[in-house]
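Chain residues, written in single-letter form:
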Amino acid sequence: MNQKNSTLLEKILQGDRRAMAKAITLLESTNSESFEKGQELLDSLLPHTGKALRIGITGVPGVGKSTFIEAFGLFLIKLKHRVAVLAVDPSSPVTGGSIMGDKTRMNELSQHPNSFIRPSPSSGVLGGVARKTRETVLICEAAGYDIVFVETVGVGQSETLVDSMVDLFMLLMLPNAGDELQGIKKGVLELADLIVVNKSDGLQEPLAISTQSEYRKAMQLLSSSKKSWDPQILRCSALEKVGMQIIWEAVKNFQDALQNSGEWAQQRRSQSAKWMWALVEEGLLKNFRKNENIKKIIPEMEESVSSGEMLPSNAARRLLEKWASSKKTCTSKK
Amino acid sequence: MPESKYIFSLKEWEKKASSELGGNPSSSANWKTLEDIAIKMLYTSEDLEKLSYSETLPGLSPFIRGPHATMYSGRKWTIRQYAGFSTAKESNKFYRENLAAGQKGLSVAFDLATHRGYDSDHQRVLGDVGKAGVAIDSVEDMKILFDQIPLDQMSVSMTMNGAVLPILASYIVTAEEQGVKQEQLSGTIQNDILKEFMVRNTYIYPPSPSIRIAGDIIEYVSTYMPRYNSVSISGYHLQEAGATAVQELAFSLGNGLEYVRTAINRGMEIDSFAPRLSFFFGIGMNFFMEIAKLRAARFLWNKLIQEFNPKKVESSMLRTHCQTSGWSLTEQDPYNNIVRTTIEALAAVLGGTQSLHTNAFDEALGLPTETSARIARNTQLILQEEAGIPNVIDPFGGSYFMESLSESLIQESAKLLEKVEKLGGMTKAVESGMPKQQIEASAARRQAMIDQGQEVIVGINKYKAENAEPVEVRDIDNTAVREAQIKMLKKIRKNRDQQKVDSFLNALTNAADTGVGNLLGLSINAIRARATVGEVSLALEKVWGRYNAPVQSISGVYAGAFPDQKKISEVRNEIKNFAKKVGRRPRIMVAKMGQDGHDRGAKVIATAFADMGFDVDIAPLFQTPEEVVRQSIENDVHVIGISSLAAGHKTLIEELMKVLRQENSEDIAVVAGGVIPPKDYDFLKSLGVCCIFGPGTAIPDAAREVLMSLKVTH
């Protein structure tokens, strides 16, 4: 390992904020040199990771995810925990740019010495997860954060991906039993270990209570994603910071139940396998796009498909054949 | 009916006009305003037939031609210049000079620390004390401010919303100690907290307790201070933040309606308080539109108040103060601002305002000097005394165009107001974020039009002056002011009966908690016992907490309004190349430091930079330099963009650079923008600031310059 990386490693292990931030940037970098450095760093970090409780948080826009993390995070810090938050904001598909305002909704938490909050642009990855969120979790763990939140935008395809990198998956809901389960896909509900009805305050409280019981009924019809845990439906007011104790107890019960049954470790192992495949897919695609023979015909293929001259399936087959044959020549040359 | 003197036909005119336009119909020359109202080139009596109102008269419902029957023929509008200079002593001197020079009423500008309810010795207001207005920590400062100014004769307007309780209380106690009774006081407290949650951001508490404060003040004033205006419902700040005339009308009238309902819900009679509600509008450069706006506002308010069955005619009669637009002023070629202000002042007067502030030409550069303040005041005196303007009431009344434009504004604003009502009124609308987002979208769209020269600003995007001479700007030694204030605070705290102070402060905390008791009455007790502004604010904060509004952002609006996509795609390509080389997109933290809540510039920059392909972090408002540095390090940004409009830049940026060095993070570049006097550029550059963008910089150019500076450092 080069010297720069080894000081970075030391500093991360001491919990140095700047070192953590720089390391995350290395991991997220599309520059191959930086990326290699990041990978090397990750290898050396691995022995120091795995100790945090990883919590995924999702919900429709406006449900109050950031406000919830602000309240819950501060509650956990009072209990002497160290809290990291990885928030993902959508990059515009048109401009590539993004606006990240998460910290404005986590004002107090973002100033606390025992918190670390890093918003990342989704950079074109489907749904609400950044390309390197999984690896970023490890950096926070190595730096001594024992609770890591992964916050994602909206509700869509991203949830399965988040579920594959956290221990507990929490879904926030609005109090409106009338349009029950609006916009939430059944698959997302099935992934949730905890469903929390937020904004249970003021005039909305009665509605939140009835929403809670509606969801309880609805969840009985769905199958649970865990063998040793039945999803719980809870209520809170992130704004008034009410309900945090109950949620934390549920989280601890969840952890106990899964650890006792052995499902906890099993889940982490299967997540590692999924991570491996995700990396393989990413690597393959990167190599594919970098391949000189492929690069040459990509514009032509794209043009023929969009003009309707060629069927997408035919174009894809041609590209893959080209890839296979160029691989062969590479091997034979060796 | 006598026969018409002329026989004309519109068809004939259309033919002639069309041939002059090279065969195009006359409608091809229609002008779409920012309000999306189409202005034709010619209006005729036909347009009058479409009006929803007919012949009206001033002083009579629906007041479209003016609230008073004689208007300026009876009494000229009040020249009311808004001013406040760092210390109470300096401001007092300035006020008395102005009064001697022909000004009729006072209007107090407070510094940002006071607005946000902090005493000058609070650690969060290091760069804010004495900036953008006068620092008031206690009634002792207020007494100096009004020294030798008889408050029973002088109408005083105070722009205060956040710390409205301790400030109004200090004013009342000052009068008391001058021997003036509450019922003798005349003037206005702004007390329009709802708009603070949409723009400007000088609130302290969350929305619902803030509305209670406003209600307590309305109630107290209607009982004890019959000559005093309890709310000044402000469209001005909405316009400054980017609102169109339609948005300014709908949202300010909607706010007014909310205050009326608050009072009615407390069991008050409409006639007991509605006559003491006043308005405050901004007057920009769209000359005819601004005149129509004031006419439409009076019409709409009259209509809205009828719902509450008023018996007094004054209850539904809209009276307003106006201010020429600060946003329309330019840093470049600043003497042009004198002309702009004159045109805007004329519009305000032709629209029938009751009082007026005219901006000094150097306000885009810093606080006004004595000379620039004199010119601003003289602008009004010339309009009043040289040009024969006050002699005729509503001279535009009956104009085909003006009546038609007033009607369009009435219709469009009523539509938007209906949307607000559907959301459940303005408080609910504010919570939903709708008004703020609409205003920010208008601001971004307008910026795009200016950046590409579709909207002309002389000296900025057309007819740029090559060698404009520099203008002298007033400088404020913020540290000296702060030290003097702290000394005064120490003295007050030493000499007062602490037990008495504590018991009055506890009574306030208690009233906040239980919801029982009038908070203004209780604040007067505390202030009289020499509790400070910060202590009174804190007594309530203990129960309600300090609010920080969530920041919402919009995207795509800026680029969408920019037809010259070539210019934008050039920048986008440069960003792509940067990302290829560096491994990620350029990342910028857009931040404001100190208590300056004017976030129009920051929000427009954020959304436009994102539209160009930057990754943009928005920092929470009211940050200290330490907080900004921590967020920037944590997010690992390439550059921090500081937006400053309140003159605190020197102290705060110096501190920011110091903290960056301490944290070994000098690799993060710093750029700054906003109202920064050119003479400060060298100082900021010597600190290490890479680029400084004054008002009027086209955003794609700014984006490029930021990129260039990053290429050097990364």
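Conventions we followed
- Residues numbered from 1 in each chain as written.
- Chains lettered and ligands numbered in written order.
- Predicted model: local features only at pLDDT ≥ 70, side-chain atom pairs only at ≥ 80, totals over all residues.
- Heavy atoms only, no water.
- Helix = DSSP H or I, 4+ residues; strand = E, 2+ residues; numbered from the N terminus.
- Rg over C-alpha atoms; globule rule 2.2 N^0.38 Å.
- Buried < 20%, exposed > 50% of the residue type's maximum accessible area, 1.4 Å probe, protein only.
- Contact = heavy atoms within 4.5 Å.
- Pairing = 2+ DSSP bridges.
- Axes fitted to C-alpha atoms, helices over the stretch in contact; angles between N-to-C directions.
- Parallel < 35°, antiparallel > 145°, perpendicular 65-115°, else oblique.
- Nonpolar A, V, L, I, M, F, W, Y, C, P; charged D, E, K, R; others polar.
- Buried area = accessible area lost by both parts, 1.4 Å probe.
- Salt bridge = Lys/Arg side-chain N within 4 Å of Asp/Glu carboxyl O.
- Polar contact = N/O pair within 3.5 Å; in protein donor to acceptor, adjacent residues only side chain to side chain.
- Patch = residues over 30% accessible without salt bridge, like charges linked within 9 Å, V, L, I, M, F, W, Y side chains within 5 Å.
- Areas by Shrake-Rupley, 256 points an atom, 1.4 Å probe, with all protein chains shown as cover.
- Domains from an automatic or database assignment.
- Right-handed = clockwise from strand over helix to strand, strands pointing away.
- Core = buried A, V, L, I, M, F, W, Y, C linked by side-chain atoms within 4.5 Å.
- 1 Å grid on protein atoms, 1.4 Å probe; cavity = no way out; pocket = protein on both sides within 12 Å on 5 of 7 lines; lining within 4 Å.
- Points joined across faces, edges and corners; volume = space filled by probe spheres on them.
- Phe/Tyr/Trp six-rings, centres within 6.5 Å; stacked < 30°, edge-to-face > 60°.
- Lys NZ or Arg CZ within 6 Å of the ring centre and 35° of its normal.

1. So, the overall build of chain A
(1) Moving on: The number of helices and strands found in chain A is 13 helices and eight strands.
(2) Moving on: Relative to the compact-globule value of 20 Å for 334 residues, chain A shows a C-alpha radius of gyration of 22 Å, a close match.
(3) Moving on: Once the C-alpha set of chain A is aligned to its principal axes, its extents read approximately 70 × 55 × 40 Å.
(4) Moving on: Across the 334 residues of chain A, 52% fall into the buried class.
(5) Moving on: Taking the intrachain contacts of chain A between residues at least 6 apart in sequence as the baseline, contacts between residues at least 24 apart amount to 76%.

2. A short note on the sheet that holds strand 2 (residues 83–89) of chain A
Residue and element names in this part refer to chain A.
(1) Moving on: The strand order across the open sheet built from seven strands is 4-2-5-1-6-7-8, with neighbouring strands paired in parallel fashion. Unpaired on one side and paired on the other, strand 4 (115–121) and strand 8 (232–235) mark the two borders of the sheet. This sheet shows a mean twist of 20° between the axes of neighbouring strands, independent of strand direction.
(2) Moving on: Pairing between strand 7 (residues 194–197) and strand 8: four bridges, direction parallel. By the bridge assignment for strand 8, Ile 195 is matched with Ile 233.

3. A short note on unusual backbone geometry
Residue and element names in this part refer to chain B.
(1) Moving on: Across the junction of Ser 61 and Pro 62, the peptide omega takes the value 5°, indicating a cis bond.
(2) Moving on: One can find Pro 62 in the loop between helix 2 (45–48) and helix 3 (71–74).
(3) Moving on: Of note, the phi angle at Arg 200 is positive, near 70°, even though the residue is not glycine.
(4) Moving on: For Arg 200, the position within the fold is in the loop between helix 8 (193–198) and helix 9 (207–224).

4. Comments concerning the sheet that holds strand 12 (residues 587–591) of chain B
(1) Moving on: Within the open sheet, the six strands sit side by side as 3(A)-13(B)-12(B)-14(B)-15(B)-16(B). Their pairing is parallel. Edge positions in the open sheet fall to strand 3 (98–100) of chain A together with strand 16 (691–693) of chain B, since each of these has one partner strand only. Averaged over all pairs of adjacent strands, the angle between strand axes in this sheet comes to 20°, irrespective of strand direction.
(2) Moving on: Where strand 14 (residues 639–644) of chain B meets strand 15 (residues 669–674) of chain B, six bridges bridge the pair, whose relative direction is parallel. Within strand 15 of chain B, the residue paired with Val639(B) across the bridge is Ala669(B).

5. Here we look at the packing of helix 21 (residues 519–528) of chain B against helix 22 (residues 533–544) of chain B
All names here are of chain B.
(1) Moving on: Interaxial distance between helix 21 and helix 22 falls to 10 Å at its minimum, and their mutual angle equals 135°. In terms of orientation, helix 21 lies oblique with respect to helix 22. Residue-level contacts link Leu 519, Ser 523, Ala 526 and Ile 527 of helix 21 to Val 536, Leu 540 and Trp 544 of helix 22.
(2) Moving on: Here the contact of helix 21 with helix 22 is built from residues that sort into six nonpolar, one polar and no charged.

6. Section: the side chain of Thr324(B)
(1) Moving on: With respect to the secondary-structure elements, Thr324(B) resides in strand 10 (residues 320–324).
(2) Moving on: Sequence-distant contacts of Thr324(B), defined by excluding residues within four places in its chain, comprise Tyr236(B), Ile283(B), Thr341(B), Glu344(B), Ala345(B), His357(B), Thr358(B) and Asn359(B).

7. Focus: the interface of chain A and chain B
For interface size, the figure often reported is the accessible area lost on association.
(1) Moving on: On the chain B side, the residues contacting the 31 residues of chain A number 37 residues.
(2) Moving on: Interface area for chain A against chain B, summed over the two sides, is near 2800 Å², with a carbon-plus-sulfur share of 44%.
(3) Moving on: On the chain A side of the contact with chain B, Arg18(A), Ile99(A) and Thr104(A) bury the most area, a combined 24% of that side's loss.
(4) Moving on: Across the chain A-chain B interface, the total number found is five salt bridges.
(5) Moving on: Taking the shortest distance from any N to any O, the salt bridge between Asp636(B) and Lys22(A) comes out at 2.8 Å.
(6) Moving on: Inspection of the chain A/chain B interface yields 29 residue pairs in polar contact (both at pLDDT 80 or more).
(7) Moving on: Those elements that provide at least two residues to the side of chain A that touches chain B are helix 2 (17–28), strand 3, helix 5 (107–111) and strand 4 of chain A.
(8) Moving on: For the side of chain A that touches chain B, a count of residues per class yields nine nonpolar, 15 polar and seven charged.

8. Considerations on a nonpolar patch on the surface
(1) Moving on: Where nonpolar side chains cluster on the molecular surface, the patch consists of Met276(A), Trp277(A), Val280(A) and Leu284(A) and spans about 400 Å² of accessible area.
(2) Moving on: Within the secondary structure layout, Leu284(A) lies in helix 11 (residues 263–290).

9. Some points on the domain arrangement of chain A
(1) Moving on: Each domain of chain A was delimited in the assignment, giving domain 1 (1–48), domain 2 (49–261) and domain 3 (291–333).
(2) Moving on: Put simply, the middle of domain 1 of chain A and the middle of domain 3 of chain A, counted by C-alpha atoms, are 36 Å apart.

10. Focus: the pairing of strand 12 of chain B
All names here are of chain B.
(1) Moving on: Of all five residues in strand 12, five are buried; the element is thus mostly enclosed.
(2) Moving on: In strand 12, alternate side chains face the same way, and those of Arg 587, Met 589 and Ala 591 on one face and Ile 588 and Val 590 on the other are all buried.
(3) Moving on: Note: strand 12 against strand 13 (residues 615–618), four bridges, orientation parallel. Paired with Val 590 across the two strands is Ile 618, which belongs to strand 13.
(4) Moving on: Crossover handedness for the path strand 12 to helix 25 (residues 600–612) to strand 13: right-handed.

11. Quick look at the nonpolar core
Proteins that are soluble and globular tend to have nonpolar side chains buried together.
All names here are of chain B.
(1) Moving on: Membership of the largest hydrophobic core comes to 82 residues, with the highest contact counts inside it found for Phe 251, Leu 253, Phe 273, Trp 301 and Leu 409.
(2) Moving on: Ranked by residues supplied to this core, first place goes to helix 13 (residues 287–306) with 12 residues.
(3) Moving on: Counting residues in hydrophobic clusters, the runner-up holds 68 residues, among them Phe 85, Met 160, Tyr 220 and Leu 540.

12. Let's talk about empty space enclosed by the protein
Residues and elements named next belong to chain B.
(1) Moving on: Throughout the structure, instances matching the rule amount to 10 cavities of 30 Å³ or more.
(2) Moving on: Empty space within the largest cavity amounts to approximately 100 Å³.
(3) Moving on: As for the largest cavity, its lining consists of 14 residues, and the residues nearest its centre are Tyr 72, Val 349, Leu 350, Asp 394 and Pro 395.

13. Description of the pairing of strand 10 of chain B
All names here are of chain B.
(1) Moving on: In terms of burial, strand 10 is a largely internal element, five of the five residues being buried.
(2) Moving on: Two strands pair when backbone bridges link them, and strand 9 (residues 277–283) and strand 10 are joined in this way by five bridges, in the parallel orientation. The partner of Gly 282 across the bridge, within strand 10, is Gln 323.
(3) Moving on: For strand 10 and strand 11 (residues 355–357), the ladder comprises three bridges, and the chain directions are parallel. Looking at strand 11, one finds that Gln 323 is bridged to His 357.
(4) Moving on: Read from strand 10 through helix 14 (residues 336–350) to strand 11, the crossover connection turns out right-handed.

14. What about the packing of aromatic side chains?
(1) Moving on: Counted according to the given criterion, the structure contains 28 aromatic pairs over all chains.
(2) Moving on: Summarising the aromatic geometry, the rings of Phe288(B) and Phe401(B) are spaced 5.1 Å apart at their centres and angled 75° between planes, so their arrangement reads as edge-to-face. Placement of Phe288(B) in helix 13 and of Phe401(B) in helix 16 (residues 400–422) is noted, with a sequence separation of 113 residues between them.
(3) Moving on: An aromatic cluster of at least three residues, connected via ring pairs, comprises Phe68(A), Phe72(A), Phe75(A), Phe149(A) and Trp248(A).
(4) Moving on: Over the face of the ring belonging to Phe622(B) we find Arg116(B), whose NZ or CZ atom lies 3.4 Å from the ring centre.
(5) Moving on: Residue placement shows Arg546(B) over the ring face of Tyr118(B); its charged tip is 4.0 Å from the ring centre.

15. Concerning the environment of Gly256(B)
(1) Moving on: Checked against the element boundaries, Gly256(B) lands in helix 11 (residues 245–265).
(2) Moving on: Residues Gly256(B) and Arg340(B), spaced 84 residues apart in sequence, show a C-alpha to C-alpha distance of 29 Å.

16. Points about the pattern of salt bridges
(1) Moving on: If you walk through the whole model with that rule in mind, you get 53 salt bridges over all chains.
(2) Moving on: Note that Glu634(B) is salt-bridged to Arg630(B), the shortest N-O span being 3.2 Å. Placement of the pair is Glu634(B) and Arg630(B) together in helix 26 (residues 625–634), with a separation of four residues, close to one helical turn. By the burial criterion, Glu634(B) is buried, and Arg630(B) matches it.
(3) Moving on: It is possible to trace a salt-bridge network through shared partners that takes in Arg18(A), Lys22(A), Arg584(B), Asp636(B) and Asp667(B).

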